[in-house]
Amino acid sequence: MIRKKCVRILITLSIVLFCGIVQGAAMSDKYHKPECDTLHRKKIALVLSGGGAKGMAHIGVLKVLEKAGIPIDIITGTSMGSIVGGLYAIGYDAATLDSLVQAQDWSYLLSDRENKSTASLTERKKQYTYLLTKLINVANRKGATAGLIKGINLDRLFKRLTSQYQDSISFDNLPIPFACVATNIMNNGEVDIRSGKLDEAMRTSMSIPGAFTPIVKDSMMLVDGGLRNNFPVDLARAMGADIVIGVTLDVDEKGISQIKTGADVLSQIVDINCKNKFDENLADTDIPVRVNCRGYGTMSFSKEAIDSLISRGEEAAMLRWDDLQKLKKELGITDADVKHIEKPTILKEEDIKIKNPFMGILGLNLGARFDLEEKASIQINGTYSFDTPKCPTKIELTTRLGQRFMAQVDASIAPIHFGKCSLSYTFRDNDIYIYNRGKRDHNISYDQHSIDFRPFIFDVRNLQIEMGGSWDYFRFTNVLSGKPAEEQAEKIQDLHYFSYRINASFNSEDNPFFTTKGTKFNAEYGYYTDNLIGWEGHRGINIVNGCWRTTFPFGYHFALQPMLYGRIVSGKNAPAILTNMVGGDVFGHYLYQQMPFAGISYIEPLKKSFMALRLKSQGRITGNNYVMLDLAIGDSSESIKEIFDRNLMFGIQASYYYNSVIGPVGGSIGWSNHSKKLFINFNIGFYF
């Protein structure tokens, strides 16, 4: 009897449950049309190809897709496509991506240099001295070091932008499922990355061989995914895509005559390998968007190029507008189908600054320049840093090859934050022409040995304060004059001196040569002796010098830069090696006491007191092309009281320069009433 009652109860419960399921299904049909149900409609994938800077065009395509109201359910990408796609997958919309790429300093990102906005004055000077910088993790012997760029700054940016996704996760769990492609050069195999740390995945996918350091993972050495699959439509299909919208970046194929340099050869090898799977994947694309990127290359990261490439992406996507609307209608897509993802919170860079977990960093820097006066020069710098927690130590070796040979070794320790002390030895072998009123007067060849000790150096951001002393020894090897032998001065005697100096510098300029904003100030006092106390039985020689200049921008294309500067030497029997000198465009180029003056190209000696005012106007005509006009007025006298009582010096100089990756390239023409001679100069590279 009990058994029969249990059976009846089970039958009754089954009927009730079945009726509930049927009623729920009916209500579902009432409120959700199957063709609009995001769980059942066809999945749309966006596939973004690689192409370096040309990948900026992807942002323009995204703008059109957002305007058309096309939902994206899957994203796959390679190289730059993985960066744009990965950021879009976590919530950065097209407008935000546009702002992000426009705001970046790409010359800084595509290097291992320290950030200019946060670097000390010492480090910033290096950035405007050397063409190439290479950092090597000495302690990390398992890490790859092949490639000119380690990618420190890109790593930092990606970590910053993906700060809310720093854990190792499945990329299927991102707001929009995402995957990217890398190439394992150990077996030339394709590696599809669908999990891990998002910033590391994007960085791995864009590791261009020879340019960026490969990423070592397990037994694999991973480089740019474009070598195996530059347009990963098949990966999107494997992730469940029913409809594929694919973006390719089309350029003209190169002919033999266009491949001239080693960089051209490497680029051609990469371009040819990037055609793997391309035709098959393109044929499997439902809506292909082919962007015309002709005229632009993988390194076209200028502001004008980025603007143009984004616009071309929009234009190419608009050509597919009817296809997008047709797709939207066929799938019954409504506004509810478009995912609205909360934008990630971007942390400040100092909050996620990457710290070196190893003990030693070896930095290698290379600089080169050419001008009409000293012809070619090369400067090589090597730095080894011991990043110990309590007292960071750095040993630095610098060598300059050319007419002004120099070798320097410097050791410094930083026992306190922003403070350090240093000890250095420098050897110089100089061969310098001295001019008098525009005519070559004599040539001096000498060796200089310097030992410099600075027990206090405060160096942070835009401010630097130094205190210390040095010993200098000059051995004059040759003095040649154009005068007859019997009229030539006696041979300059070798000399040495001890000096005590204090220097304060402030510099907020954005660029030392093509300055558009900022202020520079420098003041120094030095006391020079031959016996630690005085000079030749008298009080020591006092030298004061200073410079102030600021830049006033007028729009994007024009700036004015006034500069006031001077140097005063006081004391009896001051040697010629300490007297004032003018000439050239920068301070201390050939000699420590050398000061620039418009219209004077070569070194001219002056009297003990010198003051000058310069006004520089700078116009940016197109892109990185600049024209400059310099006017200068000044005076030199034996006493500061007599300054501007004599006939004034004045000069004028006109210049054209191109701001290239190897430094300023261009020339100047000028004249001054001091030399009374027209000069023409040509320069390639940064000054050092």
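Residues numbered from 1 in each chain as written. Predicted model: local features only at pLDDT ≥ 70, side-chain atom pairs only at ≥ 80, totals over all residues. Heavy atoms only, no water.

Caption draft 1: Structural detail: the nonpolar core. Counting 67 residues, the largest nonpolar core has Leu46, Met56, Leu65, Leu97, Ile245 and Val291 as the members making the most contacts within it. Counting residues per element, this core draws most heavily on helix 2 (residues 57–68), which supplies seven residues. Setting aside its immediate chain neighbours within four residues, Val291 contacts Ala57, Val61, Val247, Thr248, Leu249, Asp250, Arg312, Gly313 and Ala316. Among the nonpolar cores identified, the runner-up in size contains 19 residues, and Phe476, Ile541, Val569 and Tyr590 belong to it. (Core = buried A, V, L, I, M, F, W, Y, C linked by side-chain atoms within 4.5 Å. Buried < 20%, exposed > 50% of the residue type's maximum accessible area, 1.4 Å probe, protein only. Helix = DSSP H or I, 4+ residues; strand = E, 2+ residues; numbered from the N terminus. Contact = heavy atoms within 4.5 Å.)

Caption draft 2: Representation of empty space enclosed by the protein. Applying the stated rule across the entire model yields four cavities of 30 Å³ or more. Taken as a whole, the second largest cavity holds about 280 Å³ of empty space. Looking at the lining of the second largest cavity, the elements with two or more residues in it are helix 3 (80–89), helix 4 (94–103) and helix 7 (152–161). Looking at the lining of the second largest cavity residue by residue, the classes come out as 21 nonpolar, four polar and no charged. (1 Å grid on protein atoms, 1.4 Å probe; cavity = no way out; pocket = protein on both sides within 12 Å on 5 of 7 lines; lining within 4 Å. Points joined across faces, edges and corners; volume = space filled by probe spheres on them. Nonpolar A, V, L, I, M, F, W, Y, C, P; charged D, E, K, R; others polar.)

Caption draft 3: Geometry of a positive patch on the surface. The grouping of Arg437, Lys607, Arg646 and Lys676 at the surface amounts to a positive patch. On the secondary structure map, Lys676 appears in the loop between strand 31 (663–672) and strand 32 (679–684). Of the residues examined, Lys676 reaches a relative accessible area of 63% and is grouped as exposed. (Patch = residues over 30% accessible without salt bridge, like charges linked within 9 Å, V, L, I, M, F, W, Y side chains within 5 Å. Areas by Shrake-Rupley, 256 points an atom, 1.4 Å probe, with all protein chains shown as cover. Salt bridge = Lys/Arg side-chain N within 4 Å of Asp/Glu carboxyl O. Lys, Arg positive; Asp, Glu negative; His and termini not counted. Charge placed at Lys NZ, Arg CZ, Asp CG, Glu CD.)

Caption draft 4: Highlighting the pairing of strand 10 (residues 243–250). Burial of strand 10 is extensive: eight of the eight residues sit out of reach of the surface. Residues of strand 10 alternate between two faces, with Ile243, Ile245, Val247 and Leu249 on one and Val244, Gly246, Thr248 and Asp250 on the opposite face, all of them buried. In the sheet, strand 1 (residues 44–48) pairs with strand 10 via five bridges, with the strands oriented parallel. Across the sheet, residue Leu48 finds its bridge partner in strand 10, namely Val247. Of the strand pairs in this sheet, strand 10 and strand 11 (residues 287–292) are connected by six bridges, and their pairing is parallel. Within strand 11, the position partnered with Gly246 by the bridge is Pro288. (Pairing = 2+ DSSP bridges.)

Caption draft 5: Structural detail: the packing of aromatic side chains. Counted according to the given criterion, the structure contains 19 aromatic pairs. Taking 6.0 Å as the distance between ring centres and 45 degrees as the angle between the ring planes, the aromatic pair formed by Phe171 and Phe178 counts as tilted. Across the pair, exposure class does not vary: Phe171 and Phe178 are buried alike. An angle of 55 degrees between the planes, with centres 6.2 Å apart, marks the rings of Phe650 and Trp671 as tilted. Of this pair, Phe650 sits in strand 30 (residues 649–660) while Trp671 is found in strand 31, placing the two residues 21 residues apart along the sequence. Judged by relative accessible area, which is 42%, Phe650 ranks as partly exposed. By relative accessible area, Trp671 is classed as partly exposed at 32%. Following the ring pairs from residue to residue traces out a cluster consisting of Tyr446, Phe474, Phe476, Tyr497 and Tyr528. Arg440 extends its terminal NZ or CZ atom over the ring of Tyr433, reaching a point 3.7 Å from the ring centre. Lys616 extends its terminal NZ or CZ atom over the ring of Phe513, reaching a point 5.5 Å from the ring centre. (Phe/Tyr/Trp six-rings, centres within 6.5 Å; stacked < 30°, edge-to-face > 60°. Lys NZ or Arg CZ within 6 Å of the ring centre and 35° of its normal.)

Caption draft 6: Quick peek at the side chain of Asn580. With respect to the helices, strands and loops of the structure, Asn580 is situated in the loop between strand 24 (558–570) and strand 25 (581–582). Of the polar contacts made by the side chain of Asn580, one reaches the backbone oxygen of Lys607; its length is 2.8 Å. Within polar-contact distance, the side chain of Asn580 engages the backbone oxygen of Lys608 at 2.8 Å. Sequence-distant contacts of Asn580, that is, excluding residues within four places in its chain, are made with Arg567, Val569, Gln593, Met595, Glu604, Pro605, Leu606, Lys607, Lys608, Ser609 and Phe610. (Polar contact = N/O pair within 3.5 Å; in protein donor to acceptor, adjacent residues only side chain to side chain.)

Caption draft 7: Representation of helix 7. Listing the buried residues of helix 7 in full gives Asn153, Leu154, Arg156, Leu157, Phe158 and Leu161. Against the buried residues of helix 7 lie helix 3, helix 4, helix 5 (106–109) and helix 8 (198–205).

Caption draft 8: Main features of the pairing of strand 5 (residues 178–184). Burial analysis of strand 5 places seven of its seven residues in the buried class, the great majority of the element. A two-sided burial pattern is seen for strand 5, the buried positions comprising Phe178, Cys180, Ala182 and Asn184 on one face and Ala179, Val181 and Thr183 on the other. When strand 2 (residues 74–78) meets strand 5, the two strands line up parallel, connected through four bridges. Considered in strand 5, the bridge of Thr76 is made with Ala179. In terms of strand pairing, strand 5 meets strand 6 (residues 189–193) through five bridges, oriented antiparallel. Following the sheet pairing, Val181 is matched in strand 6 by Asp192. Here strand 5 folds back onto strand 6 in antiparallel fashion, the turn holding four residues, of which Asn188 has a positive phi close to 55 degrees. Judged from the three bridges that link them, strand 5 and strand 9 (residues 220–224) form a sheet pairing that is antiparallel. What sits directly across from Asn184, in strand 9, is Leu222.

Caption draft 9: Inspection of helix 14 (residues 321–330) at higher detail. Listed in full, the buried residues belonging to helix 14 are Leu324, Leu327 and Lys328. Taken around the axis of helix 14, the buried residues stretch over an arc of 100 degrees, which confines them to a single face. In helix 14, the exposed positions angled more than 90 degrees off the buried face are occupied by Asp322, Lys326, Lys329 and Glu330. Each element contacted by the buried residues of helix 14 is listed here: strand 1, helix 2, strand 10, strand 11 and helix 13 (303–318). Two residues or fewer past helix 14, Gly332 is found with a positive phi of approximately 65 degrees. (Arc of directions from axis to C-beta.)

Caption draft 10: Expanded view of the side chain of Asp224. Checked against the element boundaries, Asp224 lands in strand 9. Despite its burial, Asp224 pairs with no opposite charge; the closest candidate is Arg203, at 8.7 Å N-O. Ignoring sequence-local partners within four residues, the contact set of Asp224 consists of Thr78, Ser79, Ala182, Thr183, Thr204, Ser205, Met206, Ser207, Ile208 and Pro209.

Caption draft 11: Layout of the pattern of salt bridges. Under the criterion given, the structure shown has 20 salt bridges. Two residues, Arg41 and Asp73, come together in a salt bridge whose shortest N-O distance is 2.9 Å. Here the residue Arg41 occupies a position in the loop between helix 1 (2–31) and strand 1, and Asp73 occupies one in the loop between helix 2 and strand 2, the gap between them amounting to 32 residues. When sorted by exposure, Arg41 lands in the same class as Asp73, which is buried. In this structure, Arg237 and Asp286 form a salt bridge, with 3.0 Å as the shortest nitrogen-oxygen distance. Here Arg237 is found in helix 10 (residues 233–238), whereas its partner Asp286 is found in the loop between helix 12 (278–283) and strand 11, with 49 residues between them in sequence.

What is shown is where atoms sit, not what they do.
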